[in-house]
Number of protein chains: 2
Amino acid sequence: MTTQRRERAPRQADVARLAGVSQSAVSRVIGGDPEAAARIPEDTRRRILEAVKELGYVPNLSARKLRNKTNRLLGVHTFEPVFPHARESFYFEFLLGIEERAEEIGYDLVLFTSTGASDGRRRVYRDGTNRLNVADGTVLLGVATDKADLARLWQEGYPFIHIGRRDVPGAADIPCIVPDYFGITGDIAGRLAALGHQHVAYLREDLELEPYEDRRRGYADAVERLGLIDRSPGFRGVPGLDDAWLDQLAGGPETAVVSESERLAESLLRGLRARGRDVPADVSVVVLEGIGPDASLRWEHLDIPRKEIGRIAIDALVAIVDDPDARNESIVVPCSIVDGVTTAPARP
Amino acid sequence: MTTQRRERAPRQADVARLAGVSQSAVSRVIGGDPEAAARIPEDTRRRILEAVKELGYVPNLSARKLRNKTNRLLGVHTFEPVFPHARESFYFEFLLGIEERAEEIGYDLVLFTSTGASDGRRRVYRDGTNRLNVADGTVLLGVATDKADLARLWQEGYPFIHIGRRDVPGAADIPCIVPDYFGITGDIAGRLAALGHQHVAYLREDLELEPYEDRRRGYADAVERLGLIDRSPGFRGVPGLDDAWLDQLAGGPETAVVSESERLAESLLRGLRARGRDVPADVSVVVLEGIGPDASLRWEHLDIPRKEIGRIAIDALVAIVDDPDARNESIVVPCSIVDGVTTAPARP
DNA sequence: TTGAAAGCGATACCAC
DNA sequence: GTGGTATCGCTTTCAA
């Protein structure tokens, strides 16, 4: 059996005609507004529902959105393509939480992919069109965040939330989900201090993003508070790790290092071993970043609750969509430390 | 500096007022229709563009969709949640291709997540609403495809394409992207025959999905055509692998086995080894499925070009959206065989 | 209780 | 060239 295709999708008007009522009656029954629906006699209601079924009527969501300014669509805009990197779990865990929570509360997700430039980066605005407008609100994430876009979105009053802290000139506090790097790096320094480490060092990436600033401030704050001593270049703002400093480190009083990345930690490890020192026997190391599957050691490291952050982002976004005044509130999410084999009490 | 939020998004009417022209003029300039835009004096055009910039006007996509019936949004509906399984590369590679191609041709993707039932399955229709309607068309995928949903979608004339062949009662041929299992299983049988295998066996999963039917037909077809002999239960429609048959296999004339899954192949391997026989020395094995990372052997197996299929799905979908008459055409995509270490010439 | 009618924002036809 | 205006499908007053 082959059913013939219908030429045109049925509208409320068609349903109304078939049921012998007015279009508004149909709207009231369909719309599900309990208030309005309740005032409709059981009989009329049934006739309408029957007509709906017979015609296979389904509401047109664009029309609804046009009227209601809302369509239960939440956007996800990543400043880089999602899936190629998803595996590496940078985006992946966030998306897991985002999808999970969106499903729970009955929203669909729009993945904004159309805005890709040739350089692989994605912008919100392209030839004057803000595609994000199809969705009620959007979760933004990515490392290559375009601040001009953020500022403009904020300026337009478009509901959005950014995963990761960003300071945007021209906008007040934009709503972000902020992993508590400040707090956790303080805790890490505290943990090292508790292990007896007095002389510590900091390895710094060559990145000036806000999340790194938070880590650096948290660390610096704790160093001062705990009376630790750090003479490392990284602590003074110099990125990277060179031989000169490795030499000093191998021969100096430092017994613990905090590294902004696994990459730096790995070269530190090689450098130290080449100089006859080891981790954690001589130097304890904590890494401020998730650890890949082929790390040479089980680094003690910072853990970002990405999935949880994804879920929180959706809730925060919905709150902003429902009440635009909520949009100035950023949310700080606690991080944790994953134990590894790279810390030990300070050698005396 | 803090910019104040705008209370209402600007419309074309606002732009028109500011530029001192009519709304239609604005539409013509904005809409980008080269035809209409060309007929507008450079001067007017400039004034309009200036007003647009000044107000930060962006077109309302819902209104456009309402008018144009198109909004450059393509849906992705999976009958199960995507991300939890994405890693296992079942959905993942498809999505990679889908995202990639959508980005290339300037479409955004709607991930339909709102339709989840409590059992983890997702349906298209929930309380009479077909959410898919927000998108111009939708790619459907998943193992737990709901055929009633497919039939209804087809009946409604909604543009969609299904990844994987599905036969739907009540609809003519629904548009699918069909991996050529029929052809490739034939090739596999041919390859075994070329290696001298005469007596072959087939291991069958307990699944009655169309893709499995295709594999089975392709295999059966080739067995007959090539004059091979298969007395296995799997070939006669009995799923699984039991000791009785393993005993027969270990002592019988069979020198090659085609297995529908890695799982069955692994138990076959264990069973054979327990009986003093090995792969491929005594028995060659080809697996009709992607192989996980922790397979005990590099199985020779069927490879589905998932990413490519994702890309093709998007192109096919766009074709259907552009021309609804294209929707009866399914597309067959060739598969390939990945060499492994599990086949060898038949022992004499 | 029910229906008529005014928009939501953008497009395109048809006069001027 | 330019500007009215009907229309897309739905929601929501406002009257009847």
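Residue numbers restart at each chain and count upward from 1, following the sequence in its written direction. Here chains are named by letter from A upward and ligands by number from 1 upward, in the order in which they appear as written. Since the coordinates come from a predicted model, pLDDT governs what is reported: local features require at least 70, and pairs of side-chain atoms require 80 or more to be given and counted, while whole-chain, interface and lining totals use all residues. Hydrogens and water molecules were not included; the side-chain quantities draw on all heavy atoms of the structure.

In the nomenclature of an unreviewed UniProt entry, chain A corresponds to DNA-binding transcriptional regulator, LacI/PurR family from the organism Jiangella alkaliphila.

Residue and element names in this part refer to chain B. Elements are defined by DSSP. Helices are runs of H or I of four residues or more, strands are runs of E of two residues or more, and each kind is numbered from the N terminus. One can find R8 in the segment before α1 (12-19). When accessible area is computed with a 1.4 Å probe and restricted to protein chains, residues below 20% of their type maximum are described as buried, those above 50% as exposed, and intermediate ones as partly exposed. Note on R8: relative accessible area 39%, which makes it partly exposed. Sequence separation of R8 and H197 is 189 residues, and the distance between their C-alpha atoms is 75 Å.

For patch detection, residues must exceed 30% relative accessible area and be free of salt bridges, and they are connected within 9 Å for like charges or within 5 Å for nonpolar side chains (Val, Leu, Ile, Met, Phe, Trp, Tyr). Only the protein chains shown count as cover for residues, and all accessible areas are computed by the Shrake-Rupley method using a 1.4 Å probe. Any Lys or Arg side-chain nitrogen found within 4 Å of a carboxyl oxygen on Asp or Glu counts as a salt bridge. Counted charges follow a simple rule, with Lys and Arg positive, Asp and Glu negative, and His plus the chain ends left uncounted. Taken as the charge centre is NZ of Lys, CZ of Arg, CG of Asp or CD of Glu, depending on the residue. A cluster of acidic side chains, namely D322, D323, D325 and E329 of chain A, defines a negative patch on the protein surface. If you trace the backbone, D325 of chain A turns up in the loop between α13 (306-322) and β13 (331-333).

So, about the protein's contact with DNA strand D. Among the 25 residues in the neighbourhood of DNA strand D, the closest are listed as Y57, R64 and R67 of chain A together with P41 and R67 of chain B. Among all atoms of DNA strand D positioned within 4 Å of the protein, those belonging to sugar or phosphate total 62%. At a separation of 2.8 Å, a phosphate oxygen of DNA strand D approaches a polar backbone atom of Q12 of chain A. Side-chain atoms alone can form a polar contact between residues adjacent in sequence; in general such a contact is a pair of N or O atoms within 3.5 Å, and within protein one must be able to donate a hydrogen while the other accepts it. A distance of 2.5 Å separates a phosphate oxygen of DNA strand D from a polar atom in the side chain of R64 of chain A. To be near a molecule or strand, a residue needs just one of its heavy atoms within 4 Å of it.

Let us look at the sheet that holds strand β5 (residues 137-141) of chain A. Should DSSP find at least two bridges between two strands, the strands are regarded as paired. Sheet architecture is open: 12 strands sit in the order β13(A)-β7(A)-β6(A)-β5(A)-β1(A)-β2(A)-β2(B)-β1(B)-β5(B)-β6(B)-β7(B)-β13(B), paired in mixed fashion. Pairing within the sheet leaves two strands with one partner each, and these edge strands are β13 of chain A together with β13 (331-333) of chain B. Neighbour to neighbour, the strand axes of the sheet diverge by 25° on average, direction disregarded. Strand direction decides the pairing type here: strand β7 (residues 176-179) of chain B and β13 of chain B, joined by 3 bridges, are parallel. Looking at β13 of chain B, one finds that P179 of chain B is bridged to V333 of chain B. A contact between two residues is defined here by any heavy atoms of the two lying within 4.5 Å. A fitted line through C-alpha atoms represents every axis, and for helices the fit uses only the stretch in contact; the resulting angles, taken between N-to-C directions, go from 0 to 180 degrees. Sheet strands in contact with helix α8 (residues 147-156) of chain B are β5 (137-141) and β6 (160-163) of chain B, and its direction is about 150° off that of β6 of chain B. Sitting on the sheet, helix α13 (residues 306-322) of chain B is in contact with β1 (73-78), β5, β6, β7 and β13 of chain B, with an inclination near 160° to β6 of chain B.

Most of strand β2 (residues 108-112) of chain A sits inside the fold, with 5 of its 5 residues counted as buried. Side chains of β2 of chain A alternate between two faces, with D108, V110 and F112 of chain A and L109 and L111 of chain A buried alike. Strand direction decides the pairing type here: strand β1 (residues 73-78) of chain A and β2 of chain A, joined by 5 bridges, are parallel. Looking at β2 of chain A, one finds that H77 of chain A is bridged to F112 of chain A. Here 3 bridges tie β2 of chain A to strand β2 (residues 108-111) of chain B, and the two strands are oriented antiparallel to one another. The partner of V110 of chain A across the bridge, within β2 of chain B, is V110 of chain B.

Taken together, 24 residues lie near DNA strand C, and P41 and R67 of chain A together with R11, Y57 and R64 of chain B sit nearest. What you see for DNA strand C is that sugar and phosphate hold 62% of its atoms within 4 Å of the protein. Contact distances for DNA strand C include 2.9 Å between a base nitrogen and a side-chain N or O atom of R28 of chain A. Within the side chain of R67 of chain A, an N or O atom sits 2.7 Å from a base nitrogen of DNA strand C. Where the surface near DNA strand C is concerned, the elements lending two or more residues are α2 (23-31) and α5 (61-68) of chain A together with α2 (23-31) and α5 (61-68) of chain B. The dominant element in the surface near DNA strand C, judged by the number of residues it contributes, is α5 of chain B, at 5 residues.

What follows deals with the packing of aromatic side chains. Note on aromatic pairs: each is described by the distance of the centres and the angle between the planes. Here is the rule: rings of Phe, Tyr and Trp (six-membered ring for Trp) pair when centre to centre is within 6.5 Å. Planes less than 30 degrees apart are stacked, more than 60 are edge-to-face, and the remainder are tilted. Taken as a whole and judged by the stated rule, the model has 4 aromatic pairs over all chains. A centroid spacing of 4.6 Å and a plane angle of 35° characterise the contact between Y202 of chain A and Y219 of chain A, whose relative ring orientation is tilted. In this pair, Y202 of chain A sits in strand β8 (residues 199-203) while Y219 of chain A sits in helix α10 (residues 210-226), placing the two residues 17 residues apart along the sequence. Comparing Y202 of chain A with Y219 of chain A shows no difference in burial state: the two are buried. Three or more aromatic residues joined by ring pairs form one cluster here, namely Y202, Y219 and F235 of chain A. Stacked on the ring of Y181 of chain A, the Lys or Arg R215 of chain A has its end atom at 3.9 Å from the ring centre. Counting as a charge over the ring demands two things of the Lys NZ or Arg CZ atom: a distance within 6 Å of the ring centre and an angle within 35 degrees of the ring normal. Directly above the ring of Y107 of chain B sits R72 of chain B, whose terminal nitrogen or CZ lies 4.3 Å from the centroid.

Bringing the pattern of salt bridges into the picture now. Tallying each qualifying case throughout the model produces 66 salt bridges over all chains. The shortest N-O distance in the salt bridge between R152 of chain A and E156 of chain A comes to 3.5 Å. Of this pair, R152 of chain A and E156 of chain A both sit in helix α8 (residues 147-156), 4 residues apart, roughly one helical turn. Across the pair D221 of chain B and R225 of chain B runs a salt bridge, and its minimum N-O distance is 3.9 Å. Of this pair, D221 of chain B and R225 of chain B both sit in helix α10 (residues 210-226), 4 residues apart, which is roughly one turn of the helix.

Residues and elements named next belong to chain A. At a minimum axis distance of 8 Å, the contact between helix α1 (residues 12-19) and α2 shows a crossing angle of 105°. Judged by the angle between their axes, α1 and α2 are roughly perpendicular. Contacts from Q12, A13, V15 and A16 in α1 reach Q23, V26, S27 and I30 in α2. Side-chain classes follow a simple rule in which Ala, Val, Leu, Ile, Met, Phe, Trp, Tyr, Cys and Pro form the nonpolar group, Asp, Glu, Lys and Arg form the charged group, and the remainder, Gly included, forms the polar group. Along the lines of polarity and charge, the residues of the contact of α1 with α2 split into 5 nonpolar, 3 polar and no charged. Roughly parallel means an angle under 35 degrees; roughly antiparallel, over 145; roughly perpendicular, 65 to 115; everything else is oblique.

Our focus in this paragraph is the sheet that holds strand β10 (residues 256-259) of chain A. Residue and element names in this part refer to chain A. Ordered in space as β9-β8-β10-β11-β12-β14, the 6 strands form an open sheet in which the pairing is mixed. At either end of the open sheet lies a strand with only one pairing partner, and these are β9 (229-230) and β14 (336-338). Note that β8 and β9 share 2 bridges and pair parallel. Its bridge partner lying in β9, V200 is registered against D230. With respect to the sheet, helix α12 (residues 262-274) is in contact with β8, β10 and β11 (284-287), its orientation differing from that of β11 by roughly 160°.

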